[in-house]
Amino acid sequence: METTKFDIADYLDSEEMIAEYLNTVLEDGDSSDLIVAIGHIAKSIGMTKIAEKTGISRPSLYKALSDGSKPQFGTIMKVLKAIGGQINVKPMSA
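Analysis parameters
Residues numbered from 1 in each chain as written. Predicted model: local features only at pLDDT ≥ 70, side-chain atom pairs only at ≥ 80, totals over all residues. Heavy atoms only, no water. Salt bridge = Lys/Arg side-chain N within 4 Å of Asp/Glu carboxyl O. Helix = DSSP H or I, 4+ residues; strand = E, 2+ residues; numbered from the N terminus. Buried < 20%, exposed > 50% of the residue type's maximum accessible area, 1.4 Å probe, protein only. Axes fitted to C-alpha atoms, helices over the stretch in contact; angles between N-to-C directions. Parallel < 35°, antiparallel > 145°, perpendicular 65-115°, else oblique. Contact = heavy atoms within 4.5 Å. Polar contact = N/O pair within 3.5 Å; in protein donor to acceptor, adjacent residues only side chain to side chain. 1 Å grid on protein atoms, 1.4 Å probe; cavity = no way out; pocket = protein on both sides within 12 Å on 5 of 7 lines; lining within 4 Å. Points joined across faces, edges and corners; volume = space filled by probe spheres on them.

### Brief notes about the pattern of salt bridges
- Tallied over the full model, the rule gives one salt bridge.
- Where Lys43 meets Asp7, a salt bridge forms, and the shortest distance between an N and an O atom there is 2.6 Å. Placement of Lys43 in helix 2 (residues 31-45) and of Asp7 in the segment before helix 1 (15-28) is noted, with a sequence separation of 36 residues between them.
- Since its relative accessible area comes to 44%, Lys43 is described here as partly exposed.
- Look at Asp7 and you get buried, because its relative accessible area is 18%.

Rendered as structure tokens:
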């Protein structure tokens, strides 16, 4: 029996799935989790495509969106826009 390594990027195949994944990470994760999740989404769409849309090189994207990285907020916003996402703020319930 042969097994393969699980890669969430293989399952992020629709805008709805991407939005659900990102919202779950925003609710349950921390900033590091969010950066890695954005990296997974970028990988599922294609780093070359994201690099073209953001003007950031592929190697720089991989570095900025890897575990333990601390990218600038501007980089995160560029990538979010390129993946078709946005940040919305709503009041927290008491």
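### Considerations on the packing of helix 1 against helix 2
- Direction vectors running N to C along helix 1 and helix 2 enclose 170°, while the axes themselves pass 9 Å from each other. With respect to each other, helix 1 and helix 2 are oriented roughly antiparallel. Residue-level inspection shows Ile18, Tyr21, Leu22, Val25 and Leu26 of helix 1 in contact with helix 2, the latter providing Asp33, Leu34, Ala37, Ile38, His40, Ile41, Ser44 and Ile45.

### Quick look at the side chain of Thr54
- You can see Thr54 is positioned in helix 3 (residues 47-54).
- A residue is classified by how much of its surface remains accessible, and Thr54, at 10% relative accessible area, is buried.
- Reaching out from Thr54, the side chain makes a polar contact with the backbone nitrogen of Ile56 at a distance of 3.2 Å.
- In this structure, Thr54 is in contact with Leu61, Lys78, Val79 and Ala82, ignoring residues within four places of it in sequence.

### What about the layout of surface pockets?
- Roughly 610 Å³ of internal volume is contained in the largest pocket.
- If you go around the largest pocket, you meet 16 residues; those closest to its centre are Leu22, Asn23, Leu26, Gln86 and Asn88.
- With seven residues, the top contributor of residues to the lining of the largest pocket is helix 1.
- Reported here for the second largest pocket is a volume of approximately 230 Å³.
- As for the second largest pocket, its lining consists of 13 residues, of which Asp7, Val36, Gly39, His40 and Lys43 are closest to the centre.
- In terms of residues, the lining of the second largest pocket owes the most to one element, helix 2, which gives four residues.

### Some words on the environment of Ala42
- Counting through the fold element by element, Ala42 comes out in helix 2.
- Taking the C-alpha atoms as reference, Ala42 lies 11 Å from Ile76; in sequence the two are 34 residues apart.
- In this view, Ala42 contacts Met47, Ile50, Leu65 and Ile83; residues no more than four positions away in its chain are not counted.

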